[in-house]
Amino acid sequence: MEDPKLEKHFKSHRSTVTSLSFSPNSKQLVSGSLDSCLFLWPFKPQVRAYRFVGHNDAVHSVCFSPSGHLIASGSKDKKVRLWIPSVKGESTVFKAHTAAVRCVDFSNDGQSLLSSSEDKTIKIWTVHRQKFQFSLNQHSNWVRCAKFSPDGRLIVSCSDDKTVKIWDRNTNECMHTFYEPHGFLNDVAFHPSGTCIGGGCTDASVKIWDIRTRKLIQHYANHVASVNSITFHPTGNFLLTASNDATLKIFDLLEGRLIYTLHGHQGPATTVAFSKQGDYFASGGQDQQVLVWKTNFDTTAPFVDSTNTASNKYATGSDVTTNDYSATSRLSSANIQQNKSQIASLREKSNPETSDERRARKIDMFNGKSTMRTFDNDDDRLEITNIGPAYENGIARSNSASACLINSATMANGTSRTNNRATYDIETNAQQTYAPQLTNTLEHIVQQLDILTKTVAILETRLTMTESKLQQINEQGQENRKKT
């Protein structure tokens, strides 16, 4: 398993990048921004980016259609536009809502378009004629995000009313509501299996619910500021998040732990997206930058395009990786197997920890089986720094791999890059298992029992002394009464 690498760096927007979406063939990337524009970034050599102008206010959401022939965008101007991704940038527009449009999403068959808005509603439209079909109206505040399930039968939505709702598209009814007491979700998405949903919250947490059991099954508290965007890897094994703490984080959902922290943005990271094949992902931020990364950490993506596999590189613009950049792998297969066997042997011996204490479950998204594994130590680091063309002397070890990549070059497409820095914090906790935790817990319990035993002994002594004193007082009283 290799580490993510920064492949490209684009900067043409004049304000915060709010949304990103890859074309189905991963040859183009569209971005939306508060500057009211869209940019279409082609990944062919010598091809310039296209700027689409049409909205009268901030663009909050963009989305490629499954066919790649259309791009939908939602704006603060209350309108939804459908663009043809070509040089001309032609679009059709319709007023979808009575307030700002926060999110747009295509169904997987490409026949339906969903939009959610600050007018508290979710609306579904036909793509061909932009004809309104129906509206979902049970939220009591802004609807931040709404997405179709992979099979198109369900819709998930999150709102400033601190709820997450699951809707049945056939009956237009709310099937279930999840409540968020500590904040509201900024973004929500279906797991590729369709059995789970994930969300990023303003309280800096990332949560995953099973919609079949209607229970919270994973909870991560690794960010230190509001989580703005989340996206599942196409395999369903990883989750990517972007936060106001200026970091991107990648979680291994099967292991139930944080595996990478990426520092590439100078300010809040606002949006993330995986390509359909999962071999690339992109991020956008308040720094007006669009960064394209090569995934690397999962080489078994379920979708394979012979013209654009994980081994290919984007060929245009700012190729910011060098052949001499590498990082140490976090876990050997032997360690992984050992950890899994230790977890299995301890599952029946210990009670599960609470998810609110930075613990996460090891879950099989496809059969609903889950076990608990905890990773609490975030301080261990292995640091590798790459300055210019080669490493400067060796490696300073402390336990998670932190690799800093610094490059300086001039990009094609009229963009420039100076000392672009991407830091990878690789959270490694290979040696953490339940055995030492269980031992520590038992030792702690024994210590507490010893303290209780001593406390009881002291109380018994004091009680005996009190009884003796009372007896003396009683005897003195009797003697005094006899004398009188």
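For clarity, every value in this text was computed on a predicted model and none was experimentally measured.

## Structural notes on unusual backbone geometry
And step 1. In the Ramachandran plot, K120 falls in the positive-phi region, its phi being about 75 degrees despite a non-glycine side chain.
And step 2. Position of K120 among the secondary structure elements: in the loop between β11 (112-117) and β12 (122-126).
And step 3. At N296, a residue that is not glycine, the phi angle is positive and equals roughly 70 degrees.
And step 4. With respect to the helices and strands, the residue N296 is situated in the loop between β28 (290-294) and α1 (333-346).
And step 5. Taking relative accessible area as the criterion, N296 reaches 14% and is therefore assigned buried.

## Notes on the UniProt feature "repeat: WD" (unreviewed entry) in the protein
And step 1. Listed under "repeat: WD" (unreviewed entry) in the UniProt record, and renumbered for this structure, are residues 10-41, 52-83, 94-135, 136-177, 185-219, 220-261 and 262-294.
And step 2. This span, residues 10-41, is 0% helix and 56% strand, and a straight line between its end C-alpha atoms measures 8 Å.
And step 3. In residues 52-83, the share of helix is 0% and the share of strand is 56%. The end C-alpha atoms are 9 Å apart.

## Thoughts on the pattern of salt bridges
When their charged atoms lie close together, side chains carrying opposite charge are able to pair.
And step 1. In this structure the tally under the stated criterion is six salt bridges.
And step 2. For D160, the salt bridge goes to R144, with nearest N and O atoms at 2.7 Å. Of this pair, D160 sits in the loop between β15 (154-159) and β16 (163-168) while R144 is found in strand β14 (residues 143-148), placing the two residues 16 residues apart along the sequence.
And step 3. According to the relative accessible area criterion, D160 is buried, its value standing at 15%.
And step 4. One salt bridge connects R212 with D210, and the closest N-O pair in it is separated by 2.9 Å.
And step 5. The exposure class assigned to D210 is buried, which follows from its relative accessible area of 3%.

## Some words on the pairing of strand β13 (residues 132-136)
And step 1. With four bridges connecting them, β12 and β13 associate as antiparallel partners. Among the inter-strand pairings, I124 is bridged to a residue of β13, identified as F134.
And step 2. Linking β12 back to β13 in an antiparallel pair, the connection comprises five residues, with Q130 at a positive phi of about 50 degrees.

## Looking at the nonpolar core
Here is a general trend for soluble globular proteins: nonpolar side chains tend to be buried in one another's company.
And step 1. Formed by 16 residues in total, the largest nonpolar core has its most connected members in L240, L248, I250, L262, F281, W293 and F297.
And step 2. Breaking this core down by element, the ones donating at least two residues are β23 (238-243), β24 (248-252), β25 (257-263), β26 (269-274) and β28.
And step 3. Residues contacting L240, with those up to four places away along its chain left out, are S229, I230, T231, L248, K249, I250, V272, F274 and F281.
And step 4. Formed by 15 residues, the second largest nonpolar core is a distinct cluster that contains C158, V188, F190 and I197.

## What about the confidence of the model for the protein?
And step 1. Summing up the model confidence of the protein, the mean pLDDT is 77 and the portion of residues at 70 or higher is 71%.
And step 2. In the model, residues 301-433 has pLDDT below 50 throughout and makes 305 contacts with residues more than four positions away in sequence or in other chains.

Calculation notes
Residues numbered from 1 in each chain as written. Predicted model: local features only at pLDDT ≥ 70, side-chain atom pairs only at ≥ 80, totals over all residues. Heavy atoms only, no water. Helix = DSSP H or I, 4+ residues; strand = E, 2+ residues; numbered from the N terminus. Buried < 20%, exposed > 50% of the residue type's maximum accessible area, 1.4 Å probe, protein only. UniProt positions renumbered as here; feature names shortened; annotations may be inferred. Salt bridge = Lys/Arg side-chain N within 4 Å of Asp/Glu carboxyl O. Pairing = 2+ DSSP bridges. Core = buried A, V, L, I, M, F, W, Y, C linked by side-chain atoms within 4.5 Å. Contact = heavy atoms within 4.5 Å. pLDDT = per-residue confidence, 0-100.

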